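# Overview (structure and organization)
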Amino acid sequence: MGFTIPQIQETDSWGPSADAVDADKALTYAPFTRSDKFGRAADWNQTGYAKFGGNRYSSGQGGASTVFNFFANDDDAEFSLVDNKPAPRTRFGAKRFQQRNFMRRDQTAFVGGDVGQGATRERARQQRMQSKKSQQWNTWAYNRNRDVVTYTSSVDIRPEWSVLDQMQLSELTKARFPVDKDFAHKDLEQRGALRWFDKSFDRVTPKLERDLVRPKSSSYHTTTSDDPTLMRLAEEGKGTVFATDQMVAAIMCAARSVYGWDLVVTKRDGKLIFDKRDEGAFDLLTVSETAQDAITDDKENINGVPQLSRESTAANDAYAQQVLGDEPPVRLGEADELAQGSVPSAYKYRAWRLSDAITLVARCELNGVTETKGANATLCVKALTEFDSKVTGMDWRSKIETQRGAVIATELKNNANKLAKWTCCALLAGADIMKLGFVSRAHPKDPANHVILNTQSYKPKDFAQQINLTEANMWGVFKAVAETTMKLPDGKYLLVKDPNKPTLRTYEVPEDAFDDGYSKEPLE
């Protein structure tokens, strides 16, 4: 038989025409629905019909072919369902409380004006209570870490002394006095001369340290009653309250003090005179008074409060004399009547009017003068003392040059009261610059020999802002204490800071108290 060529039809498209194809015999595709699972696109192994036979993946449309409906057994193992269900909501969620608070605000807002104002005041009261609890918690947490040390009082309280007034130092922190343009000091007199500051001490570093030289003469701060200038100004009626700058600063910074101190107050003819006791320790400087780790009160310990105070006071006086040169001094006024046998200094006698009944007259001390930008600048020269870096937590020799801010921050924490009093004295005297010297022991076990490591300069007003010391609070505290004492009758009183409680007490003492013939032993 020969090969017969089939009939070829001419068409306009690829493939056979639609009329020439039997639709029933043609295999087009397997109908499916959107929910069907697909297997292989094509499989020429006919055994698949028997293997997967039946209608396992057949379409929902009847009579359809299942040729292409192949599915592998291992496909189910690779299939995972994504959990798209919403997260369960908690029963007591934030929205519930927000909705409840919103309803409360709406109720208080629409009930009436009086009720709404009352609710506002109640919310403000709750906020104040919460803030107060937070402050108490912080104070408790700070005091919990501080070792409990009981300090002795600066004066022996005798049983015959009666307490006339008691002030809580926490209340004094809220005292304010408006310091405006009209409030200004008045210079009454100036006495003494100022020596020039040796600028070579500004370049002293731990690598170029200098030995601290013992002074040739000791310093002594004359009390108010022994100052002839102050007593003459009192007789002339220049004021009603008379004191030295150190006494005024101690009262202004009483809330920052931890150790005890005392002042004798004498009232005569409507005038108050603040004095220090001759046998007292008012002039001694404190060391690490406000540190977290309390200093022991052992008198025999070289790192105890009594010996550290004497050591720091001697180092401060020695530094103040060593950094001043021998050039001709700058005279401020008449000769100083208090310079005999003591360190030469200059004093300004100034007056501040706080009220109709209170006008303060204070003797303010200046230590030196330096040239800055072509003008003379007055100085207050003080020295900080390092006794043991392991106790203070800051090694000056390794940190004073690279981390000056950290060093002064540590001193502000450990000696907050001392630095605040120095700043007060500088502000009262109108000093232009504060010179702070950093003096350290030559050896931690040697309290007799010291070296100068560095000197830093600060402006008193800028430094006061840095330690959060405001003039409004300074004068508010002093005015509150002066007004309370001014209400007492004429007599002799003792103002005592409790060494273990933030309390300032006023005792009534006999007229001959603290005199040479006064018995120092308490009466039976």
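Owing to the predicted nature of the structure, the values given are computational and were not obtained by experimental measurement.

## Observations concerning the overall build of the protein chain
- For the protein chain, the helix and strand inventory stands at 14 helices and 15 strands.
- Counting over 524 residues, the protein chain shows a buried share of 42%.
- Expressed as a percentage of contacts within the protein chain between residues at least 6 apart in sequence, the contacts between residues at least 24 apart total 73%.
- Accessible surface for the protein chain amounts to roughly 31300 Å². Of this, 50% is attributable to carbon and sulfur atoms.

## Quick notes on a nonpolar patch on the surface
- Together, Phe3, Ile5 and Ile8 line one region of the surface with nonpolar side chains, adding up to about 440 Å² of accessible area.
- Judged by its relative accessible area of 75%, Phe3 falls in the exposed class.

## Brief notes about the nonpolar core
- Core analysis: the largest hydrophobic core is formed by 72 residues, its most contacted members being Phe274, Trp475 and Phe478.
- If near-sequence neighbours (up to four positions away) are discounted, Trp475 is found in contact with Phe177, Val179, Phe183, Met252, Trp352, Leu354, Leu360 and Leu428.
- Counting residues in hydrophobic clusters, the runner-up holds 17 residues, among them Leu212, Ala318, Tyr319 and Val381.

## Observations regarding the pairing of strand β10 (residues 368-372)
- Sheet analysis places strand β2 (residues 186-196) next to β10, joined by two bridges and oriented parallel. For Arg195, the partnering residue across the bridge sits in β10 and is Gly368.
- One ladder, built from five bridges, connects β10 with strand β11 (residues 375-386); its direction is antiparallel. Pairing of Glu371 across the sheet is with Asn376, part of β11.
- Hairpin connection of β10 to β11: two residues between the antiparallel strands, including Lys373 at a positive phi of 55 degrees.

## Focus on unusual backbone geometry
- Even without being glycine, Asp269 reaches a positive phi, approximately 55 degrees.
- Of note, Asp269 is situated in the loop between β5 (261-268) and β6 (271-275).
- Classification of Asp269 as exposed rests on a relative accessible area of 69%.
- Here the phi dihedral of Lys373 falls at roughly 55 degrees; this positive angle occurs in a residue that is not glycine.

## As for empty space enclosed by the protein
- The final tally for this structure, using the stated rule, is three cavities of 30 Å³ or more.
- Put simply, the largest cavity is a space of about 70 Å³.
- Forming the boundary of the largest cavity are His221, Thr222, Thr244, Asp245, Gln246, Met247, Lys276, Phe282, Asp283, Tyr347, Arg363 and Glu365.
- For the lining of the largest cavity, the elements supplying multiple residues, two or more each, are α7 (245-252) and β9 (359-366).
- Per-element accounting of the lining of the largest cavity gives the leading share, three residues, to α7.
- A per-class count over the lining of the largest cavity returns three nonpolar, four polar and five charged.

## A look at the confidence of the model for the protein chain
- Summing up the model confidence of the protein chain, the mean pLDDT is 80 and the portion of residues at 70 or higher is 73%.
- Mean pLDDT across the elements of the protein chain bottoms out in helix α1 (residues 47-51) (46) and peaks in strand β4 (residues 241-244) (96).
- Every residue in residues 48-72 is under pLDDT 50, and counting partners more than four places away or in other chains gives 42 contacts.
- Across residues 102-115, confidence stays below pLDDT 50; counting only partners more than four residues off in sequence or on other chains, it has four contacts.

## Considerations on the packing of aromatic side chains
- Across all of its chains, the model carries seven aromatic pairs by this definition.
- Here the aromatic rings of Phe274 and Phe478 are separated by 6.4 Å at their centres, their planes lie at 45 degrees, and the arrangement is tilted. Within this pair, whereas Phe274 is found in strand β6, its partner Phe478 is found in helix α14 (residues 471-486), the two being separated by 204 residues in sequence.
- With a relative accessible area of 1%, Phe274 lands in the buried category.
- Aromatic rings pair up to connect Trp161, Tyr507 and Phe514 into one cluster.
- A cation sits over an aromatic face here: Arg363 above Tyr347, 5.3 Å from the ring centre.

Basis of the calculations
- Residues numbered from 1 in each chain as written.
- Predicted model: local features only at pLDDT ≥ 70, side-chain atom pairs only at ≥ 80, totals over all residues.
- Heavy atoms only, no water.
- Helix = DSSP H or I, 4+ residues; strand = E, 2+ residues; numbered from the N terminus.
- Buried < 20%, exposed > 50% of the residue type's maximum accessible area, 1.4 Å probe, protein only.
- Contact = heavy atoms within 4.5 Å.
- Areas by Shrake-Rupley, 256 points an atom, 1.4 Å probe, with all protein chains shown as cover.
- Patch = residues over 30% accessible without salt bridge, like charges linked within 9 Å, V, L, I, M, F, W, Y side chains within 5 Å.
- Salt bridge = Lys/Arg side-chain N within 4 Å of Asp/Glu carboxyl O.
- Core = buried A, V, L, I, M, F, W, Y, C linked by side-chain atoms within 4.5 Å.
- Pairing = 2+ DSSP bridges.
- 1 Å grid on protein atoms, 1.4 Å probe; cavity = no way out; pocket = protein on both sides within 12 Å on 5 of 7 lines; lining within 4 Å.
- Points joined across faces, edges and corners; volume = space filled by probe spheres on them.
- Nonpolar A, V, L, I, M, F, W, Y, C, P; charged D, E, K, R; others polar.
- pLDDT = per-residue confidence, 0-100.
- Phe/Tyr/Trp six-rings, centres within 6.5 Å; stacked < 30°, edge-to-face > 60°.
- Lys NZ or Arg CZ within 6 Å of the ring centre and 35° of its normal.

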